[in-house]
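Listed here are the chains, written in short residue letters.
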Amino acid sequence: MVLAPNTTSLDVLVREIETIATEQLKSGGVVLTTSFSKEDQILTWAVMEGGADVEVVSLDTGYLFPATRQTWEATQLHFGREIRALRPNEAEVVSLDGLDRIYQSTEGRKQCCSVRKIQPLRAALAGKGAWLTGLRRAHSPNRAAMERRERDAAWGILKFHPLLEWDDQMLDSAVASTGVPVNPLHSMGYPSIGCAPCTRPVLPHEDPRAGRWWWESSSKECGLHRG
Ligand code: SF4
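The rules behind these values
- Residues numbered from 1 in each chain as written.
- Predicted model: local features only at pLDDT ≥ 70, side-chain atom pairs only at ≥ 80, totals over all residues.
- Heavy atoms only, no water.
- Buried < 20%, exposed > 50% of the residue type's maximum accessible area, 1.4 Å probe, protein only.
- Helix = DSSP H or I, 4+ residues; strand = E, 2+ residues; numbered from the N terminus.
- Polar contact = N/O pair within 3.5 Å; in protein donor to acceptor, adjacent residues only side chain to side chain.
- Pairing = 2+ DSSP bridges.
- Right-handed = clockwise from strand over helix to strand, strands pointing away.
- Near = heavy atom within 4 Å.
- Nonpolar A, V, L, I, M, F, W, Y, C, P; charged D, E, K, R; others polar.
- Lys, Arg positive; Asp, Glu negative; His and termini not counted.
- Salt bridge = Lys/Arg side-chain N within 4 Å of Asp/Glu carboxyl O.
- Contact = heavy atoms within 4.5 Å.
- Core = buried A, V, L, I, M, F, W, Y, C linked by side-chain atoms within 4.5 Å.

Asks: Tell me about helix α7 (residues 168-178), and name the residues and values.
Replies: For α7, the full list of buried residues reads Leu171, Ser173, Ala174, Val175 and Thr178. The opening residue of α7, the one whose side-chain oxygen lies 3.2 Å from the backbone nitrogen of Gln169, is Asp167. Of the residues trailing α7, Gly179 is marked for its positive phi of about 70°.

Asks: Give me the lowdown on the pairing of strand β2 (residues 54-59), citing residues and values where you can.
Replies: Side-chain positions along a regular strand alternate between the two faces of the sheet. With 5 of its 6 residues buried, β2 lies for the most part within the structure. Across 4 bridges, strand β1 (residues 30-33) lies against β2 in parallel orientation. Across the sheet, Val31 pairs through a bridge with Glu55, a residue of β2. Note that β2 and strand β3 (residues 84-86) share 3 bridges and pair parallel. Residue Val57 lies in a different strand from β3, and its bridge partner there is Arg84. Read from β2 through helix α3 (residues 66-79) to β3, the crossover connection turns out right-handed.

Asks: For unusual backbone geometry, give the residues involved together with the corresponding values.
Replies: Positive phi is not limited to glycine here, since Phe36 has a value of about 70°. Within the secondary structure layout, Phe36 lies in the loop between β1 and α2 (38-50). At Trp213, a position not held by glycine, the phi torsion is positive, near 45°. For Trp213, a relative accessible area of 1% puts it in the buried group.

Asks: Tell me about the site of the ligand, residues and numbers included.
Replies: In the neighbourhood of the ligand, the contacting residues comprise Ile102, Arg109, Cys112, Cys113, Arg116, Lys117, Cys195, Cys198 and Trp213. Looking at the shell around the ligand element by element, the count peaks at 5 residues for helix α6 (residues 106-125). Of the residues contributing to the shell around the ligand, the split by class is 6 nonpolar, no polar and 3 charged.

Asks: Give a detailed account of the side chain of Arg116, specifying residues and quantitative values.
Replies: With respect to the helices and strands, Arg116 occurs in helix α6. The side chain of Arg116 sits in the buried core without any salt bridge; Glu90 is the nearest counter-charge, 7.3 Å away. A distance of 2.7 Å separates the side chain of Arg116 from the backbone oxygen of Thr61, its partner in a polar contact. Once residues lying within four places of it in the same chain are set aside, the contact partners of Arg116 are Leu59, Thr61, Gly62, Tyr63, Pro88, Val93 and Leu96.

Asks: Could you give an account of the nonpolar core, with specific residues and numbers?
Replies: Leu13, Ile17, Ile42, Val54, Leu132 and Trp166 are the most contacted members of the largest nonpolar core, which has 31 residues in total. Those elements that place two or more of their residues in this core are α1 (7-23), β1, α2, β2, α3, β4 (130-132), β6 (157-160) and α7. For this core, the element with the most residues is α1, which contributes 6 residues. Contact partners of Leu13, with chain neighbours within four places excluded, come to Ile42, Leu43, Ala46, Pro162, Leu163 and Trp166. Among the nonpolar cores identified, the runner-up in size contains 12 residues, and Leu59, Leu125, Trp131 and Leu224 belong to it.

And the structure:
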């Protein structure tokens, strides 16, 4: 059930993002990385609503679902603003020699994530002051100990997670009241959506991230957020 719109939460979110953007102006500015998840759509809405000086980018790994590409286009149309694509280095992609190795070992899979996600993102974050993310504690036990504002030593950047404490009802309420585009895969059993070769739908009783790299027993992160 979707609750009545929680305008207070949304107002607080818009103001929080404006404050972060203003604080970080002198340190290189803020980047929001969106995968067009519901969380990222709400953060994008809050950036646009408040006119915050935040760059919105998305990783184009080459293996996005067609539905995700359609959501990307719908989002740009909805907000009237381009969302910059971060693409991998072509020579590095060729060196991966296809997708077979991602299923053969975690090392092979992480090598693909490194080329298609980590390296393009590292270039986009270079010189920036802060990174805005849509992480929530509810996503994964790995994220239970995260703080809303933290310094990520691996990336050498300040990270902000304004939705960290949001529950599913708050999120669905915000999506309904803002009218942001929603990836249709969410209603087809995909609570968490990544690259097509590495994402499957989950059953109602399964962990929301069980469909990500489902053939691996423990690692459910791609290296963007270690938790
Ligand atoms: S999620 Fe899968 S296809 Fe996408 S970059 Fe990582 S290993 Fe490669």
